[in-house]
Each structure stands twice: as C-alpha cells, then as structure tokens.
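# What the coordinates show
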Amino acid sequence: MMKRLLRPFTIVVLLICGQWASAQKTITTLDKLEVTTGHVTIKLDAHTGMVNYVFPSGIRIENTVAYINDLKSGITSSADFTDHQYTTAEVHDNIGTGRQITITHSDHKHSFILEQRFTNYEGHPYTLISLIAKNKDSKAAPLETRDISPIAVLPQYKGKLYIPGTEPRILDMPFDNDDWTPTLERSWPKVGGPKTTGITYEFAAIYDMLKNSGLVIGSVKHDFWKTGLAYQTSTELGYVDSLRVFGGASTPDDPKLQPAYGGNDGTHDLVAHGTAVGQSVSSPTIFLCAMDDLHEAFTQYGQVNSAINGKQTWNDNAPVYWNSFGVEGVLGYEGVMMPPAVEKISDFVHTLTNFSGYSKPVMSIDSYDQGIYSTEVLANLGKYFAKNNQQMGFYFIPFAMWNWKDDIDGKKIAGSNYLLKDVLLHDNEGKPIMYKDGKWGAYAMDPTHPAVRLYIIQQLKKAKAINAKFLKIDFLTGGALESTTRYNKNIRTGMQAYDYGMKTLRHLVDSILGKDIFISQAISPMFPHQYAHTRFISTDVYSHLRDDQPGFPHYGSTGASLATGSHMGWVQGTLFPYTNLDVSIMKNFQKNPDLSEQDIKVRLYAMMVMGSILGDGSDFRHPLAATRAQTFLNNKQIATFFSHPKAFIPLKAADGETLDQQLSFYLPGENTLLALFNFDRQRNFEQVLTRSALHLDAGKAYQFKDLLTDAVIGELKKGDTEFKLSAAPIDAVMIKLVAIDKATK
C-alpha cells in the first residue's frame, strides 16, 4: 500500500492481468490528484475535496461529492473537510486485478472521517465507487444513517453532469416489474419549460438516443440498501444539475400521480428505509461506465453484478412450458378448466413434436383452487404428464399471504403453529402492511421469521409430492418492504430481509427438491438476481399488440412490454440465463377477445428478441388455438431458437411514451437475425441498415430469409454496403441473413 500527501510528482503503475497490460497514470500536485486509465480520468481537487470524472467520449461529471446524512449530526459531505489524502493498493477479487485509490477526507472539526474508494480493473472499462464513514474514536456514539452517497452532483457545490449529443435522455427504471409500470426515457425540457426531475432505482443511463452511447451508473451490491438515483436536468441541453446516487430509497405509492411518475414506480414502502448503524457505515458500491455502445456498457454492468454476487446457470436446453393462467386466473375456481381438461391439454402438447423436441415441456399449474386441485390431484396429473414425457410446474408466493382484509385473527401460517398476525410486517402506526390492498388483498410477511421458513418448506414439500421441476415464485416485492418490526433484529432493512429470504428459499429448494430445479421470478425487484434462472421483464402480458387496442385491457400489451424490454436485453446471459416475457396466447387470454395471427406472430418475435423462455397459456381444446399452435409453437425455426434463446442487441430502442413505437434489433451469429417491430397504426417503418452495423462480412453476398417460412425474400449483393428493411403498420418482420455460399450448399 502506498500513502501519499498531495505534493508534486508523477507515478505510473503498470497492471498486468493475463495477456492484458495497460497503464494507470497517477499525477499529484499541490492542488490535485489525477488518475487516468483508458476509460476515465478521475481528478480530485485538493482544496475542496470534490471529484471530477472526464471520459474520452466527452461525457464529464464535475464537482461531485460524497456524503453521509447522519441521524444526529445531519448531512456532511466530503467537501466539508479540509484535509484530503490518498492511498493506493492493488486488489484481487472475483472481477480481476485492479488498483484501488482511497481518498480520506478528514479534519479536526469532525468526529468521523469519510473514505471514498475508486477501483479500476485491468481490462475492464468501468470504475467502482464506494464510501465508508468511520468514527475516529471507537468509543464514540455509533453513526446511523438511511441516506449515504459515494457520488453526488449537487447544485450547492456547482455540480454538473454533461453528455454530448442532440437527443440526450435519462433512462428511468421502476423498482420492480409490478403494475405494468413502464420504463421511462426522459427528455430535457422544452424552452421555457420546467426542469425534468425524477428518481430511478438501482441503476440509470444518461445517453444520446441517436448515437446509442452514454453513461451507465448503478449499484452492484444488493444485500442491504435500496439504491435511488434522484435527478434533475438543467434547462440547458445535455446538462444535469443534480444527480444523487444514494443508499436508502423508500417511496410510497401515490394514486394521485401518474404510475411511472411516482404513482407506483417506487419501492411501495409505507415506512422509511432502515438504518445502517455502527462505528463505520458503508454506502452502496456504484458502477460507473461511459461507452460509445450503451448496450455494451449495460452488459458490463450485468457482468460486474454477477462477478460480485454470483448467478444461476442452466446447462440443459431451455425449458418450454404451458401455464394455466392464460386460461383461468385461479384454475378451477370458475369451472373453466377442471382436472380432466388439463389432461387433454397435456395430450395436445404431446403432439407438438418440435415444441417438445428439445426439453420435456413443463405443465405449470399457476394459481389454483386448492379445494379442486388438491396435492393428490396435482400428483396424479403429474403422473399423467410423465406418460407424455412432460414435467410438472409449481407456483407459490413465499413472502406474502392473500387473505380477506382485517380477518387475520386466529389464522395460522400453513406448515407452522405461528399465527399469521405475528408474521406480518408493520407500518409506522403498528398496523399490518397490506402489500396488495383491497378487500381480498395480500399481507406482507417477514422473510426473517421462522414461520416463513416453515411455510416455504411446506410449499416445497407439496412441490416434491407432485415431482415438480419448475418453480414460479410470485409477489416477491412484499418481502422487500421496510417495516417497523422484524423477527430478526440484526436485519435492519427491507432489502437485507429480502436477500435473507431469497437465500433461504434457494437453500431449501436445493435441499428439498434438488439443484436441478428451474426457478422463474414473476413480480419482483430485479436485484438481488442470483437466486433464480429467469425473471419477468414486465408484468403479465396478454398478447394484444397495443395498450389502447379496443376491447382489451389498457395494459399488458406486447408493445408496452417490448418497449420496456428494448432497454433490458442485456440481463440475459449476464444476470440470468434467460429472460421471461410471459406466455404467448394462440386464441384469447382468459375472457379477452380473440387475437389475430398477426398479434401472435409479433408476440413470438418479441419473446425471441428478449431471449425469453417459451411459454404458452392457451386453451388448446379450442380448434383455432390448436391449429395456430401447430403453425407457430410447432414451427421448426421457432422451436430451435427457443432451445437456446438469446437476447438480440437493440438498434433502435423505445423512446418516449407514445404507443407508436418503432423498434429494431439484431442477433449476430453464423446466420444473423434481424427484427423490426412497428406498433404504429398508420406509418410504415423503414430502416436503412449497413453491413458495419450488423457486423456482416464485407466480401460476401447474403440472402434474406423469412424466419417462419425460410422463404428467400431478398438479397444483399457483394458490393452493396447497405439495404432497407420495412415493417407494415402494427406488424413485425424477422429475417435470417444467410451468406450465399452457405445458402447454396
């Protein structure tokens, strides 16, 4: 370790990792510390303690501070101290080899110090930033905070963030995937308009929409803090006046506001975020990366999260499944599908030889009437499925309990002797928290309570009794809510409790069912991610094209889910083996109107570009659903792709809140796949595409083949450098680009 006061000299540190080698250059003078790598220059002002970041692309972040908001002493920033020293040390961890610079902010006036840490890794284009506040005297009263930031752009310090380009955007993410809340692409205000403000959760991107380049910033540890990124743009294009990246986000739903603007895009909390307490307290660790390719920056972000926290892998072909929810919300409750009918569905799925050709289809019974679909009935269905070379799926809710409101006295948690009322989370008035409010609602349960562990064991024993190999777990956000009470007093925050609960669940699945169980998260926060194989990109999708389609719900459309998903394909392969864009529907979802074949085609293409596993929720007793299933689900090209689904790279992602989105994606490979989606009712969508953008061989000619039919529909000649592809209104196209020499063999 090297410790340096700020005095004039230059050191050059050469880091070597395998075949990689590059220089990290550190310059100090009386006024500054300057660290330069290939991807960023970090500058500390020795007088103010503020830090600047300058990126080769022209992005810069100026006059940033770190701060702690202590419950007793209030807000103290790194700029409030007079002394700023630094040390350097080499690090070796799951990410690789790197060099960490620690800047210690201190003086005689404050009873604690702030340690700001910046870690750059050899061969990786990002910086990790964190903050630790430490008492000088170990006998002093402990620090306590629910608001701590390792990097903040604040107006009082003349902080600024700047991104070059003519169409800057801020990608604003909801905390979870519930309530059909969209991702937002926030624009700068029009002349004379109010500044754009908001809060995004866990991560954000500040980018140029036309160039698809920019900055990704987000948390990479998710075992204590909910991370918020509160922002305010300038009225000047490309400038951000305020960006506060902090641990301690806690936001209630507000029905008076629009859903994505504070209505229900937050953490759904009724209680303030829990506090970190101790002689030292730490912030979230923040990832900072600016690249010309925003998708690559996000890919790096996902990879860092998995390097630090781990991830699940799946070595077999991807699962395919049938799910009952598309037929009946609570299976059997309205008599739509009784157990003998499920056997008919199984028999039909067995006839889909391509659909069933790569993995045993999972017959997943979703929410069900337990008076009809008892464990014994489900076990018998499982045996029937096995005769058709199929597997059983199982659904349960580990951290919430549906019940009649205010009717919990005397009720016990299944699998235990604990009363339900003793297991619930509580608000500031000591009342049980209803995670889903209503006469029939869901109460939030404490993941640290032993009753929840016993309940999970009871549910998993049910799953074992029916020989389930696929688990769908739902309404997980209930376990992440903040609470004034908790069984385990050492667990202080909602995220810490949720991580504890998910870790417990994963351990119990492995020990009771085995390690070959596929786990799909439905309604849930994105992080922590490492306990499941896939997660819903958005809330339930009903397969109609647009949210304003007559006769359909104003939510749950393919267009809305893909608009959100167009920014999220990077999670496939980095956080999860696959994504999940819910099920396709061959005729109608529950009581919704019938879909057209065009609706179905677009839906399947959307699932493909997201790298989703393939599930279907159709009632195949209807001849139309059965016929279409043979056309689409049993299509050889479709079935082959979904045996190893992979997310496409966005060429044109969603922008703004219009339903008329026009999107495009490509998947490089031996045969490049290219998809255009046009959700506009009136206009054609025509895009000019170049060889270089698609990474096509400059010396080859290519045939364009329709994905579904394999028919040749066009050609890119050897000398041509670009071509046009178009999609008609409310339609999509997907083509395969096959080199001529391969196509003619």
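Rules used throughout
- Residues numbered from 1 in each chain as written.
- Predicted model: local features only at pLDDT ≥ 70, side-chain atom pairs only at ≥ 80, totals over all residues.
- Heavy atoms only, no water.
- Helix = DSSP H or I, 4+ residues; strand = E, 2+ residues; numbered from the N terminus.
- Rg over C-alpha atoms; globule rule 2.2 N^0.38 Å.
- Buried < 20%, exposed > 50% of the residue type's maximum accessible area, 1.4 Å probe, protein only.
- Contact = heavy atoms within 4.5 Å.
- Pairing = 2+ DSSP bridges.
- Axes fitted to C-alpha atoms, helices over the stretch in contact; angles between N-to-C directions.
- 1 Å grid on protein atoms, 1.4 Å probe; cavity = no way out; pocket = protein on both sides within 12 Å on 5 of 7 lines; lining within 4 Å.
- Points joined across faces, edges and corners; volume = space filled by probe spheres on them.
- Nonpolar A, V, L, I, M, F, W, Y, C, P; charged D, E, K, R; others polar.
- Parallel < 35°, antiparallel > 145°, perpendicular 65-115°, else oblique.
- Left-handed = near helix turned anticlockwise from the far one by under 90°.

This brings us to the overall build of the chain. Of the regular secondary structure elements, the chain holds 11 helices and 42 strands. For the chain, the C-alpha radius of gyration of 27 Å lies close to 27 Å, the compact-globule estimate for 745 residues. Expressed as lengths along the three principal axes of its C-alpha atoms, the size of the chain is roughly 80 × 80 × 55 Å. Relative to its 745 residues, the chain shows a buried fraction of 61%. Partitioning the contacts of the chain with sequence separation of at least 6, the portion at a separation of at least 24 is 69%.

What follows deals with unusual backbone geometry. With an omega of -5 degrees, the peptide bond running from F527 to P528 counts as cis. Note on placement: P528 falls in the loop between β32 (518-521) and β33 (534-535). We note that N63 has phi near 55 degrees; this positive angle belongs to a residue other than glycine. By secondary structure assignment, the location of N63 is in strand β7 (residues 60-70). Positive phi, close to 60 degrees, is recorded for H695, a residue that is not glycine.

Time to look at the pairing of strand β31 (residues 468-473). In terms of burial, β31 is largely enclosed, as five of its six residues are buried. Where strand β27 (residues 391-396) lies against β31, five bridges are found, and the strand directions are parallel. Each bridged residue has a counterpart across the sheet, and for G393 the counterpart in β31 is F470. For β31 and β32, the ladder comprises four bridges, and the chain directions are parallel.

A separate point is the sheet that holds β27. A sheet is described by the order of its strands in space; here seven strands give the open sequence β33-β32-β31-β27-β26-β25-β34, paired in parallel fashion. Bordering the open sheet on either side are β33 and β34 (614-616), each of which pairs with just one other strand. Contacts between helix α5 (residues 494-512) and the sheet are confined to β27, β31 and β32, with β32 contributing the most and set at about 155 degrees to the helix.

If you trace the three strands from one edge of the open sheet to the other, you get β28-β30-β29, paired in antiparallel fashion. Sheet topology places β28 (400-404) and β29 (434-436) at the edges, where each strand pairs with a single neighbour. Pairs of neighbouring strands in the sheet enclose a mean axial angle of 45 degrees, with direction left out of account. As paired elements, β28 and strand β30 (residues 440-444) share five bridges and run antiparallel to each other. Note on β30: the bridge partner recorded for W404 is W440.

Turning next to the layout of surface pockets. To find leftover empty space, one rolls a probe the size of a water molecule over the atoms. When its volume is computed, the largest pocket comes out at roughly 1,200 Å³. V330, S367, I397, W402 and W440 are, among the 39 residues lining the largest pocket, the residues nearest its centre. Mapped by element, the contributors of at least two residues to the lining of the largest pocket are β27, β28 and α4 (450-465). The element best represented in the lining of the largest pocket is β28, accounting for five residues. Here the lining of the largest pocket is built from residues that sort into 21 nonpolar, seven polar and 11 charged. The space that makes up the second largest pocket amounts to roughly 610 Å³.

What follows deals with the packing of helix α7 (residues 597-609) against helix α9 (residues 636-643). Packing of α7 against α9 brings their axes to within 11 Å, and their N-to-C directions diverge by 25 degrees. The angle between the axes of α7 and α9 places the two elements in the roughly parallel class. In this structure, the crossing between α7 and α9 has a hand that is left-handed. Each of L604, M607 and M608 in α7 lies in contact with α9, whose residues at this interface are I638, F641 and F642. When the residues that make up the contact of α7 with α9 are grouped by side-chain class, the tally is six nonpolar, no polar and no charged.

Quick look at helix α6 (residues 558-565) now. Most of α6 is tucked away: seven of the eight residues are buried. Taken together, the buried positions of α6 are T558, G559, S561, L562, A563, T564 and G565. Each element contacted by the buried residues of α6 is listed here: β16 (184-186), α7, β36 (662-667) and β37 (672-678).

Geometric values such as these leave the question of function open.
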